[in-house]
Amino acid sequence: MIRGIYIALFFLFLGTNSALAQEELRIDNLKVQDTVKKNSINPLAPSKAAFYSAILPGLGQAYNKKYWKIPIVYAAIGTGVYAYTWNNQKYNEFRNAYKNRLAGLPDDFQFLDDERLIQGQKFYQKNRDLSAIVTVVLYILNIVDANVDAHLMQFNVNNDLSMRPNMLQDDIYNRQNLAISFTYNF
């Protein structure tokens, strides 16, 4: 019987707090709208950042004012392009040596037999193709990074909303209980 009274009081208390919170929310809603007008959130900013990064890698990061990411973007894409050109050059050397050997002309790889020339050709061709794929993936990752960063810049992160884990002492059993508290300040 007493347990039922506690449950009823709990729901009564919960209902009155939510009713007060709804009234205060209307007041805060006006404040939020004023803040949005002052900050002027641009819903097209993420698409602009992605478009700029698609045109020129790193330009979307500059649009988002994350200048420290630009050298990382160019280092990643530059490494992919360097690996592609180096593997392509080696592939062409092995291919030309094999063609010259079939034509009866001297080549630079006299110390290798025909099978090793074919294996070298396949090895560098595989690495060249893999380097091209990695370079394209890094280019797409550059575009996605600019888009996501522009989205997150518009996300409201302030001290009014917080979540903290708490350890509560249980007086009956004398042990620690883990709890999570959500705090909204306005």
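Since the model is a prediction, treat every value here as computed from it, not as a measurement.

The rules behind the values
Residues numbered from 1 in each chain as written. Predicted model: local features only at pLDDT ≥ 70, side-chain atom pairs only at ≥ 80, totals over all residues. Heavy atoms only, no water. Helix = DSSP H or I, 4+ residues; strand = E, 2+ residues; numbered from the N terminus. Expected span 1.5 Å × (residues − 1). Buried < 20%, exposed > 50% of the residue type's maximum accessible area, 1.4 Å probe, protein only. Arc of directions from axis to C-beta. Contact = heavy atoms within 4.5 Å. pLDDT = per-residue confidence, 0-100. Axes fitted to C-alpha atoms, helices over the stretch in contact; angles between N-to-C directions. Parallel < 35°, antiparallel > 145°, perpendicular 65-115°, else oblique. Left-handed = near helix turned anticlockwise from the far one by under 90°. Nonpolar A, V, L, I, M, F, W, Y, C, P; charged D, E, K, R; others polar. Phe/Tyr/Trp six-rings, centres within 6.5 Å; stacked < 30°, edge-to-face > 60°. Salt bridge = Lys/Arg side-chain N within 4 Å of Asp/Glu carboxyl O.

Peer 1: For helix H4 (residues 70–103), give the residues involved together with the corresponding values.
Peer 2: An α-helix turns once every 3.6 residues. As a result, residues three or four positions apart point the same way. Taking 1.5 Å of rise per residue, the 34 residues of H4 would be expected to cover 50 Å, and the 49 Å separating its terminal C-alpha atoms lies within 8% of that figure. For H4, the set of buried residues is Ile 70, Val 73, Ile 77, Gly 80, Asn 87, Tyr 91, Phe 94 and Ala 97.

Peer 1: How would you summarise helix H2 (residues 45–55) if you had to cite specific residues and measurements?
Peer 2: Within the span of H2, buried status applies to Ala 45, Pro 46, Ala 49, Ala 50 and Ser 53. Across the axial projection of H2, the buried residues extend over an arc of 135°, all falling on one side. Every exposed residue of H2 that faces more than 90 degrees away from the buried side is listed here: Phe 51 and Ile 55. Against helix H3 (59–63) and helix H5 (114–153) lie the buried residues of H2.

Peer 1: Now, about the confidence of the model for the protein chain: what can you tell me, with residues and values included?
Peer 2: Here the protein chain averages 80 in pLDDT, and 70% of its residues register 70 or above. When the elements of the protein chain are averaged for pLDDT, helix H1 (residues 2–39) gives the smallest value, 50, and H4 the largest, 95. In the predicted structure, residues 16–28 sits below a pLDDT of 50 and forms three contacts with residues beyond four places in sequence or in another chain.

Peer 1: Tell me about the packing of H2 against H5, and please be specific about residues and values.
Peer 2: Where H2 contacts H5, the two axes come as close as 8 Å, and the packing angle between them is 155°. The angle between H2 and H5 places the two elements in the roughly antiparallel class. Between H2 and H5 lies a crossing of right-handed hand. Two secondary-structure elements touch here, H2 through Ala 45, Pro 46, Ala 49, Ala 50, Ser 53, Ala 54 and Ile 55 and H5 through Tyr 139, Asn 142, Ile 143, Ala 146, Asn 147, Ala 150 and His 151. Here the contact of H2 with H5 is built from residues that sort into ten nonpolar, four polar and no charged.

Peer 1: Let's hear about the side chain of Asn 142: which residues, and what values?
Peer 2: Here Asn 142 shows up in helix H5. Given the relative accessible area of 3%, Asn 142 is considered buried. Excluding its chain neighbours within four sequence positions, the residues that come into contact with Asn 142 are Ser 53, Pro 57, Gly 58, Gln 61 and Val 73.

Peer 1: Break down the packing of aromatic side chains for me, with residues and values.
Peer 2: Geometrically, a pair of aromatic rings is defined through the distance of the ring centres and the angle of the planes. Using the criterion set out here, one finds seven aromatic pairs in the structure. Seen in terms of ring centroids, Phe 51 and Tyr 52 are 6.2 Å apart; in terms of plane orientation they differ by 50°. Their pairing is tilted. Centre to centre, the rings of Trp 86 and Tyr 124 are 5.9 Å apart; their planes meet at 80°, and the pair counts as edge-to-face. Note that Trp 86 is positioned in helix H4 and Tyr 124 in helix H5, a separation of 38 residues in sequence. Of the residues examined, Trp 86 reaches a relative accessible area of 37% and is grouped as partly exposed. What links up through ring pairs into an aromatic cluster is the set Trp 86, Phe 94, Phe 109, Phe 111, Phe 123 and Tyr 124.

Peer 1: Break down the packing of H4 against H5 for me, with residues and values.
Peer 2: The interhelical angle for the contact between H4 and H5, taken along N-to-C directions, is 160°, at an axis separation of 8 Å. Viewed along their axes, H4 and H5 adopt a mutual orientation that is roughly antiparallel. The two elements H4 and H5 cross, and the hand of that crossing is left-handed. The residue makeup of the contact of H4 with H5, split by class, is 17 nonpolar, ten polar and six charged.

Peer 1: Tell me what's going on with the pattern of salt bridges, and back it up with residues and numbers.
Peer 2: Applying the stated rule across the entire model yields six salt bridges. Salt-bridge contacts for Glu 93 lead to Lys 90; the nearest nitrogen and oxygen are separated by 3.7 Å. Within this pair, Glu 93 and its partner Lys 90 are both found in helix H4, separated by three residues, close to a single helical turn. On the accessibility criterion, Glu 93 (31% relative accessible area) is partly exposed. With a closest N to O distance of 3.2 Å, Arg 101 and Asp 107 form a salt bridge. Through salt bridges with shared partners, one network takes in Lys 69, Asp 145 and Asp 149.

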